[in-house]
Amino acid sequence: MLIKHVRANDPSSSEITPRSVFADRRRLLKAAAAAGVWALAPAAASAAKPARGEPIPNVVKWPKSLPEMPTAYDLATTYNNFYEFGFDKDDPARHSSKFKPRPWTVKVEGHAEKTGTFDLDDLIKPHQLEERVYRFRCVEAWSMVVPWVGVPLGDVLKKFGPTAKAKYVAFQTVLRPEEMPGQRLALLKWPYVEGLRLDEAMHPLALLTVGMYGELLPNQNGAPLRLMLPWKYGFKSIKSIVRIAFVENQPPTSWNIATPSEYGFYSNVNPRVDHPRWTQATERRLGDPFFSPRRPTPMFNGYADEVAHLYAGMDLAKLY
Ligand code: MTE
């Protein structure tokens, strides 16, 4: 484990796991070993020093990026949550080398003028790629600062012409148990799904992301296409997206299906509403020295000026 210095308030590395599944972890791991589920894994050593990805040309720097030092690349790419590749933070880097993120298509469905199956390049190429340094806050109370590369999600969605019936956008991750060993276990209901209200998806901070640190996304970080919503807990940032649907009703979301009392639909970073099992008022920044104090978590992860109006009048303790 790369950063683990567990203190009283830290959720353990797999706390986001639904309780029932976590309790059953030993049995699942045994079953996984017996079934040869991890046979796809390269040598564990390859996770320690991740290979660098392909550089992305023609990226402009977003003027409103955080003036903070990004988290070390090696940390952001080896301390991951991507249950399709396993439970532990180093599983995604260790078990994702066989995953093929190209060629890639995305199916666009639902209440929109234009729907169909689109090549990833056709979705992204008409837009200017930007590098945006965002704060990222995981629901497990750790955080990092990452230079993401992507295009505003709203700009891409607008091209499909959502109709008046489109109130929400639903997203789905690829289902490939043959390449994603975690999908051969009942860790979550597969495929992973997420959703946003249409106005959240259209917000200019919402980024449809194809890269990080100037390079194409590594498999473990959600190649080739993921969301990045800096004011929401990290689990809203669904990885390896293959389906986008404009829908009328609030769509189901993976963590809410797994443990509704712990993970809601909105999942906005909120230091005033604790997770039932730990505080959300403070966080540990990945890479901070061992004795550093925990940092206070700001409302909406520091993006309140930009996004608070989206939730005016809502009781955020109930709509968590
Ligand atoms: N997307 C899919 N498909 N599967 C996952 O398990 N984990 C989520 C989110 N997106 C997850 C996912 C969680 S819990 C977090 S914190 C972030 O991805 C982690 O992103 P990172 O690994 O790039 O830090």
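Higher on the page you've got the structure.
On a predicted model such as this, the values are computed, not experimentally measured, just so you know. (Residues numbered from 1 in each chain as written. Predicted model: local features only at pLDDT ≥ 70, side-chain atom pairs only at ≥ 80, totals over all residues. Heavy atoms only, no water.)

Caption draft 1: How the structure looks around the overall build of the chain. Each helix and strand in the chain was counted, giving ten helices and 13 strands. Among the 320 residues that make up the chain, the fraction classed as buried is 57%. In the chain, of all internal contacts separated by at least 6 residues, the share reaching a separation of at least 24 is 75%. For the chain, the accessible area works out to roughly 13,600 Å², and carbon and sulfur atoms hold 57% of it. (Helix = DSSP H or I, 4+ residues; strand = E, 2+ residues; numbered from the N terminus. Buried < 20%, exposed > 50% of the residue type's maximum accessible area, 1.4 Å probe, protein only. Contact = heavy atoms within 4.5 Å. Areas by Shrake-Rupley, 256 points an atom, 1.4 Å probe, with all protein chains shown as cover.)

Caption draft 2: Up close: the pattern of salt bridges. The tally for this structure, following the rule as stated, stands at 20 salt bridges. Glu140 is the salt-bridge partner of Lys89, the closest N and O atoms lying 3.0 Å from each other. Of the two residues, Lys89 is situated in the loop between helix 4 (73-76) and helix 5 (91-95) and Glu140 in the loop between strand 4 (129-137) and strand 5 (142-152); the sequence distance between them amounts to 51 residues. Of the two residues, Lys89 and Glu140, both sit in the buried class. The salt bridge partner of Glu283 is Arg285, with a shortest N-O separation of 4.0 Å. In this structure, Glu283 and Arg285 share a single accessibility class: buried. A network of salt bridges, in which partner residues are shared, links Glu68, Arg135, Arg137, Glu283 and Arg285. (Salt bridge = Lys/Arg side-chain N within 4 Å of Asp/Glu carboxyl O.)

Caption draft 3: Quick look at the packing of aromatic side chains. Applying the stated criterion to the full structure yields 19 aromatic pairs. Measuring from ring centre to ring centre gives 5.3 Å for Phe265 and Tyr266, while their planes differ by 90 degrees; the resulting arrangement is edge-to-face. Residue class for Phe265 comes out buried when judged on its relative accessible area of 6%. The class for Tyr266 is buried, based on a relative accessible area of 7%. Pairing Tyr266 with Tyr311 gives two aromatic rings, centres 6.1 Å apart and planes at 85 degrees, and the pair type is edge-to-face. Of the two residues, Tyr266 sits in the loop between helix 9 (254-258) and strand 12 (282-285) while Tyr311 sits in the segment after helix 10 (304-307), which places them 45 residues apart along the sequence. (Phe/Tyr/Trp six-rings, centres within 6.5 Å; stacked < 30°, edge-to-face > 60°.)

Caption draft 4: Expanded view of the site of the ligand. Around the ligand there are 18 residues in total, and Asn80, Tyr83, Glu84, Arg226 and Lys239 lie nearest to it. One of the side-chain nitrogen or oxygen atoms of Asn221 is found 2.9 Å away from an oxygen atom of the ligand. Here the ligand, which alone exposes 530 Å², has 100% of that area covered by the protein. Residue classes in the shell around the ligand are distributed as nine nonpolar, six polar and three charged. (Near = heavy atom within 4 Å. Polar contact = N/O pair within 3.5 Å; in protein donor to acceptor, adjacent residues only side chain to side chain. Nonpolar A, V, L, I, M, F, W, Y, C, P; charged D, E, K, R; others polar.)

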